[in-house]
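What the coordinates show
Listed below, chain by chain, are the residues.
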Amino acid sequence: MEDNQNSLTFQEPIEWPYPIRYGEETRVNVDVLVLGGGLSGCFAAINAARKGLKVAVVDKSPIVHSGAAGSGVDHWMDCPSNPASKVDPEEFTLEPVRKYKGGYANVIANYITARDSWDALCELEQMGMKIRDTDDVFKGAPFRDEATKLLFAYDYETRTCIRIWGTGMKPSLHKECKRLGVQLYERIMVTSLLTEGGRPGGRVVGATGVHTRTGEFFVFRAKASVLCMATPERLWIFSSEWTGLVGRDGPPANAGNGHAMAWRAGAEFARMESSSHEEWGGSTGIGAVLFGTGSNFATWYPCTIVDAEGKEVPWVDREGNPIHTLEERTKPGPGQKFLTLVLGGGEGKAESMPHLIPDLPERIRKGEFKLPLYADLPGMPEYERRVIFGLMVGQEGHTWPVYRNLTEAGFDPDKDQLQVYEIGAAPPGWRRLRYGGLVVDWDLRSNLEGLYAGGQSIFDGIGVAHASSTGRWAGRSAAAYAQEAPEPIIDEKQVNREKTRIYAPIQRPDGINWKELQAGIAKVMQDYCGDTKTEELMALGLKTLEEIREGESRTLFARTPHELMRALEVLDILTCCEMIIHASRARKASNSWLHFERLDFPQDDPPEWRKWVTLRLEGEEVRVGELALDYHGDIKKNYETHKKE
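Per chain, residues are indexed from 1 in the order of the written sequence. In keeping with the predicted nature of the model, local features appear solely for residues at pLDDT of at least 70, side-chain atom pairs appear and are counted solely at 80 or more, and the whole-chain, interface and lining totals rest on all residues. The basis for every side-chain value is the complete set of heavy atoms in the structure, and neither hydrogens nor water enter the calculation.

All right, on to the nonpolar core then. The set of buried Ala, Val, Leu, Ile, Met, Phe, Trp, Tyr and Cys residues whose side-chain atoms join them within 4.5 Å is what this entry labels a nonpolar core. Think of it in three bands: residues with accessible area under 20% of the maximum for their type are buried, residues over 50% are exposed, and the middle band is partly exposed, with areas taken using a 1.4 Å probe on protein chains only. Judged by nonpolar contacts, the single largest core of 138 residues is most densely connected at Trp76 and Met169. It only takes one pair of heavy atoms within 4.5 Å for two residues to be counted as in contact. The contact partners of Met169, leaving out residues within four places of it in the chain, are Leu39, Ala69, Val73, Trp76, Leu124, Met129 and Val464. Ranked by size, the runner-up nonpolar core spans 40 residues in total, among them Met353, Ile357, Val387 and Ile388.

Here a cavity means grid points, on a 1 Å grid over the protein atoms only, where a 1.4 Å probe fits yet cannot get out; a pocket means an open set of points with protein on both sides within 12 Å along at least five of seven lines; lining residues are those with an atom within 4 Å of a point. Grid points are joined across faces, edges and corners, and a volume is the space filled by probe spheres set on the points. Evaluated as defined, the whole model comprises three cavities of 30 Å³ or more. What lines the second largest cavity is Met77, Asp78, Phe92, Tyr154, Thr160, Cys161, Leu339, Thr340, Leu341 and Met353. Put simply, Ala, Val, Leu, Ile, Met, Phe, Trp, Tyr, Cys and Pro go in the nonpolar bin, Asp, Glu, Lys and Arg in the charged bin, and everything else, Gly too, in the polar bin. Residues of the lining of the second largest cavity, tallied by class, amount to seven nonpolar, two polar and one charged.

This paragraph deals with the pairing of strand β9 (residues 204–211). For the purposes of this entry, the term helix denotes a DSSP run of H or I that reaches at least four residues, the term strand denotes a run of E that reaches at least two, and both are numbered from the N terminus. Burial analysis of β9 places eight of its eight residues in the buried class, which makes it a mostly covered element. Any two strands with at least two DSSP-identified bridges between them are counted as paired. The sheet contact formed by strand β8 (residues 188–195) and β9 spans seven bridges and is antiparallel. Considered in β9, the bridge of Val190 is made with Gly209. Across five bridges, the pairing between β9 and strand β10 (residues 217–227) is antiparallel. Its bridge partner lying in β10, Gly206 is registered against Arg221. Connecting β9 to the next strand, β10, in antiparallel fashion are five residues, including Gly215 with a positive phi near 80 degrees.

Attention shifts here to the packing of aromatic side chains. Pairs were defined over the aromatic rings of Phe, Tyr and Trp, the Trp ring being its six-membered one, requiring ring centres within 6.5 Å. Orientation was assigned from the angle between planes: stacked under 30 degrees, edge-to-face over 60, tilted for the rest. All told, the structure shown has 21 aromatic pairs when counted by the stated rule. On the numbers, 6.1 Å between centres and 55 degrees between planes, the contact of Tyr452 with Tyr481 is tilted. Taken together, the residues span a long stretch of sequence, with Tyr452 in strand β21 (residues 451–453) and Tyr481 in helix α10 (residues 464–484) at a distance of 29 residues. The pair formed by Tyr452 and Tyr481 is uniform in burial state, with each residue classed as buried. One aromatic cluster in this structure is built from Phe138, Phe143, Tyr156 and Tyr383.

Looking at where Ile63 falls in the secondary structure, it is placed in the loop between β2 (55–59) and β3 (75–76). Distance in space between the C-alpha atoms of Ile63 and Thr167 is 14 Å, their sequence separation being 104 residues. Those residues in contact with Ile63 that sit more than four places away from it in its chain are Gly37, Cys42, Val57, Lys170, His174, Leu184 and Glu186.

What follows deals with the packing of helix α8 (residues 382–395) against helix α9 (residues 400–408). Convention adopted: a line fitted to C-alpha atoms gives each axis, helices being fitted over their contacting stretch, and angles between N-to-C directions are expressed from 0 to 180 degrees. The contact between α8 and α9 brings their axes to 6 Å, and the two run at 130 degrees. Classified by the interaxial angle, the pair formed by α8 and α9 is oblique. Judged by residue contacts, Phe389, Gly390, Val393 and Gly394 of α8 engage Trp400, Tyr403, Leu406 and Thr407 from α9. The class makeup of the residues in the contact of α8 with α9 is five nonpolar, three polar and no charged. Here the angle decides the label: under 35 degrees means roughly parallel, over 145 means roughly antiparallel, 65 to 115 means roughly perpendicular, and every other value means oblique.

Along the chain, Tyr301 connects to Pro302 via a cis peptide bond; the corresponding omega equals 5 degrees. Positive phi, close to 65 degrees, is recorded for Asp460, a residue that is not glycine. Checked against the element boundaries, Asp460 lands in the loop between β21 and α10. Given the relative accessible area of 8%, Asp460 is considered buried.

The subject of this paragraph is the confidence of the model for the protein. On average, the protein scores 92 in pLDDT, and the residues at 70 or more come to 93%. Long-range and interchain partners of residues 1–6, a stretch whose pLDDT sits below 50, account for 14 contacts in this model, where long-range means more than four residues apart. Counting contacts from residues 281–288, a segment whose pLDDT is below 50, to residues more than four positions away or on other chains yields 27 contacts. Note on scores: pLDDT gives the predictor's confidence for each residue, bounded by 0 and 100.

Below, the discussion takes up the pairing of strand β23 (residues 621–627). Judged from the seven bridges that link them, strand β22 (residues 612–618) and β23 form a sheet pairing that is antiparallel. Each bridged residue has a counterpart across the sheet, and for Arg616 the counterpart in β23 is Arg623.

Here we come to the state of the cysteines. A pair of cysteine sulfur atoms is labelled a disulfide when the two atoms are within 2.5 Å. In total, this model carries zero disulfides according to the counting rule given. Not part of a disulfide, Cys122 finds its nearest cysteine sulfur in Cys79, a span of 7.9 Å. Under the relative-accessibility criterion, Cys122 is labelled buried at 18%. Residue Cys577 stays outside any disulfide, its sulfur separated by 6.9 Å from that of Cys576, the closest cysteine. Residue classification places Cys577 among the buried positions, given a relative accessible area of 0%.

Within the open sheet, the three strands sit side by side as β13-β17-β18. Their pairing is antiparallel. Strand pairing shows two members of the sheet lacking a second neighbour, β13 (305–306) and β18 (418–420), which therefore form its edges. Note that strand β17 (residues 373–375) and β18 share three bridges and pair antiparallel. Bridge pairing in β18 places Ala375 opposite Leu418.

And the structure:
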């Protein structure tokens, strides 16, 4: 690959409203560099800046609303440390891992979240976001704690999940970043991590990026970096033409950039073989907008569902026992300590919570219930009706446009039911990654010196409380490291190699465009690493991806900085897919806890495979390793040892 940037030549762009600056370069020097300006990234930046350090955040979107939670959220889960909770954080962390996850959980991140998420929420309140019913709209409701004016969801008795006015979350964080003097670099796609001596596996000393409107090149030099990017979308499923580009856990712009650049730098990953069959259409928008129709799940919990003739659909508790009252849906059953939402393999399913009768489809087929079904808001008590539709649907990022449109169209929850649309299974092979990410220690540091991680960059990372708490923790750890770290030295040859790599698509006069390449990669994943897997299939899949990398991807072309961003995203998606197949081949056993099925190794979770499979890139070789499920050790002791104020 050419090291000399002066050899770069560019095609004339098509008509474009912004100045073109391909090859022009801006250099930025900071103490702590945060890659990704979503929820975890903003918390990391704020907490590093409060130490008096020079901090920058880089994001390819406007930070005021970027990230998986950028448009809002309705509830703040995993908060047993709030003053009204009746659950011990240690028990809250460990019991679901034992009962519902088979031991496959990132206990380090989960425990940090359980201990710190209340403090993170209070920080948001201090920044201006509303977290309490200060107007006393719900005074006297069973889900309100009168002393604190907090509103709780799911379990009204033990109280670990807080309803919030989450559309104000990112604007509050954005304002605080600016107040603290954090440098915000928006519309810049980070493309690579820079390492000491340009050597993969070495200390991370910064990153490169490209402006998505001008094509200008950026070099960021930093003593410490925090990776806060999201789980990749668009791996198995892609269409840019269908309406409603709604990803399951975030916007379809989540293209695995963070995973891919960390992989190339030598970072270690876990859980990359874990994926589940998509039921919502993923980033295509096929099917219902998540929680935007009538439902009894998540945003809509614990709404009553009735059939076309008004007959109520029964509920059962998590043990499968019939329950008959609304109150029973919102408190632990006999012998249960607390309710907690643990998502299963299918969407809209959480066996850890009370739910509708599991044989409802069969009973519909037999004629016991008549379609369509409806969310019976008018049949709910007024306080439930108001909190579900007025607060939850109105604040959740997936649904507030639905709330706006329905309200403007005259929908009245006091009078109107809202139809429940069947989710239905997506076609065979349509899957989504279930939270593979970086392996981290108790400082949330990766195996690479100088590189920390928060949010969905960490394996098994999901939820706003998790993103906030781990971003906050990682920012403090990175700041502590940066205060003692030597000055970073940028390897100019590595910078020039990256410049040559990223500008290649705009130097070609024609070729394959990003949409064609993206669709082809998704089809390979559907066919060779889909719902069921074998060694032979996955070997073919990996070979096909390698051929695409050496063939079609070398003809990828872009006409504008925006298309260049999309082209680079697809190259990162290709890398993420290769990582997934490597991880899937390495685990030679099925594992229902990870939603992982191999036809050639059907035994489910045999004792010799009860461990994390890890992988990293060393030179051109993929190194497979393993990690004990309980590598977290003594959680109380380690938390206190590594906590930084």
